[in-house]
Amino acid sequence: MNVFVVGGAVRDGLMGHPVSDCDWVVVGSTPEAMVALGFEPVGKDFPVFLHPKSREEYALARTERKTARGYKGFAVQAAPDVTLEEDLARRDLTINAMAVPEALAHLAPDQWAGQVVDPFNGLSDLQSKVLRHVTSSFAEDPVRILRLARFAARFADFSVAHETLQLMRHMVHDGEVDHLVAERVWQELARGLMADKPSRMFEVLRACGALKVLLPEVDRLWGVPQRAEYHPEIDTGVHLMMVLDMAAQLQTPLSVRWACLMHDLGKGTTPPDVLPRHIGHEGLSAKLALQVAQRLRVPNDCKELADVVAREHGNIHRSGELNAAAVMRLLTRCDAIRQPERFALVLQACEADARGRLSLEASAYPQATRLTGALQAALSVATADIAAAATREGLKGAQIGERVEAARTAAIAATL
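Residues numbered from 1 in each chain as written. Predicted model: local features only at pLDDT ≥ 70, side-chain atom pairs only at ≥ 80, totals over all residues. Heavy atoms only, no water.

A. Highlighting the sheet that holds strand β1 (residues 2-6). Read from one edge of the open sheet, six strands run β3-β4-β5-β2-β1-β8, paired in mixed fashion. Two strands close off the open sheet at either side, each with one partner strand: β3 (40-41) and β8 (99-101). Where β1 lies against strand β2 (residues 23-27), five bridges are found, and the strand directions are antiparallel. When the sheet's bridge partners are listed, Val3 is paired in β2 with Val26. Docked against the sheet, helix α1 (residues 8-15) engages β1 and β8, running at close to 60° with respect to β1. (Pairing = 2+ DSSP bridges. Helix = DSSP H or I, 4+ residues; strand = E, 2+ residues; numbered from the N terminus. Contact = heavy atoms within 4.5 Å. Axes fitted to C-alpha atoms, helices over the stretch in contact; angles between N-to-C directions.)

B. Examining α1 more closely. In terms of burial, α1 is largely enclosed, as six of its eight residues are buried. When α1 is considered as a whole, its buried residues turn out to be Gly8, Ala9, Val10, Arg11, Asp12 and Gly13. The inward-facing, buried residues of α1 contact β1, β8, α5 (122-128) and α6 (143-154). The first or second residue beyond α1 is Gly16, which carries a positive phi of 80°. (Buried < 20%, exposed > 50% of the residue type's maximum accessible area, 1.4 Å probe, protein only.)

C. Representation of the layout of surface pockets. Approximately 1,600 Å³ is the volume attributed to the largest pocket. Asp23, Phe46, Arg62, Arg90 and Arg147 are the residues nearest the centre of the largest pocket, which is lined by 44 residues in total. Elements with a minimum of two residues in the lining of the largest pocket: α1, β2, β5 (57-60), β6 (62-66), β7 (74-78), α6 and α8 (182-193). Take the lining of the largest pocket: its biggest share by element is six residues, from α6. Its residues assigned to classes, the lining of the largest pocket shows 16 nonpolar, six polar and 22 charged. Its boundaries defined by the atoms lining it, the second largest pocket holds a volume of some 660 Å³. Taken together, 26 residues form the lining of the second largest pocket, with Tyr230, His231, Lys267, His281 and Arg318 sitting closest to its centre. Of all the elements in the fold, those that place two or more residues in the lining of the second largest pocket are α14 (281-296), α15 (300-317) and α17 (340-355). If one sorts the elements of the lining of the second largest pocket by residue count, α15 sits on top with three residues. Its residues assigned to classes, the lining of the second largest pocket comprises five nonpolar, eleven polar and ten charged. (1 Å grid on protein atoms, 1.4 Å probe; cavity = no way out; pocket = protein on both sides within 12 Å on 5 of 7 lines; lining within 4 Å. Points joined across faces, edges and corners; volume = space filled by probe spheres on them. Nonpolar A, V, L, I, M, F, W, Y, C, P; charged D, E, K, R; others polar.)

D. Fine view of the pattern of salt bridges. Applying the stated criterion across every chain, the model contains 23 salt bridges. For Asp87, the salt bridge identified is with Arg91, shortest N-O distance 2.9 Å. Residue Arg91 is classed as buried on the basis of its relative accessible area of 15%. Across the salt bridge formed by Glu312 and Arg333, the nearest N and O atoms sit 2.8 Å from each other. Of this pair, Glu312 sits in helix α15 while Arg333 sits in helix α16 (residues 324-333), and the two are 21 residues apart along the sequence. Relative accessible area serves as the criterion here: at 4%, Glu312 is assigned to the buried category. When its relative accessible area of 38% is taken as the criterion, Arg333 is described as partly exposed. (Salt bridge = Lys/Arg side-chain N within 4 Å of Asp/Glu carboxyl O.)

Right, here's the structure in full:
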């Protein structure tokens, strides 16, 4: 029995990145032998075991054979005669198809020299900063398109090998992407959105044609013009990518980045004779964002934040012109009184939108400060005391609500 650390741990170690988790492959063993050594079986689709002490996962070397469309259409064979090279051959990218013997795994990567098992030249591609498929079996699993795009967002200075991009285009043309399940699409999109340069993920998906299949609402934004006085970059798709990268620069959470991706979808439906104006695109964006969220089964926090940002980002951008009563109405529409933490995320998305424009990346966003102060003033109002006094005066229901809103509006006015 021989044990190797494989995949991302080797890649990250060679790149000088921290290694958090190790994937282990066991060559020349059986499930019975693993159990006899104290390993705990946990795999459902193939033999995976937990180490009796470290609790890390150890998988038996295996091969995979395509049996049907989609990412689940595989027959798996794990047997003692499966070699390490055969196991590495089923992996997606060459930079993920390297291994190091267990005895060396805990040494510093600079001591791995000459000991890295690299049958597919992953080290060369790592040094050349190229994302390249291992074998033609890459085409058997459509999830690999999403994974590669996600790696492009994580390693933004890596290019996609020409032959790999061509293979991805063939996969899209053959309909493989049509068979991806919503949960897996969301999982990979979410991970890519949280990378340092999420725009790269969408650039790769667009280049191979997968974006048009998975997110046609986003794909059609390229080539749609905007008014140059507001958007010097003009192209809506270009703007969207700048917004995503600004959201990453601001280190925002996933819900904000998803809201940024969704905020301008309505511009893709503007009639040509109206361009470059986009009248009422906010409401259309909210409607389309909801449809996307339902299709991809997006988590509620992301779905709800995207709805608020799509509907109100224009009003928030113009909020410096609003008086206290209008600001109070804006806060009410955003449900900011009840959910102040979420409103802070709304403002993060709006800042990314405002700064995701050509030559405006370093600009300030005073709207966030103004609205945050207004919300704090509104929240400071002693509503219970006001409601009690109004009740003593014989007021009820909506009348009490009006009294509270008036007090909050007055508090906001004092801050503007």
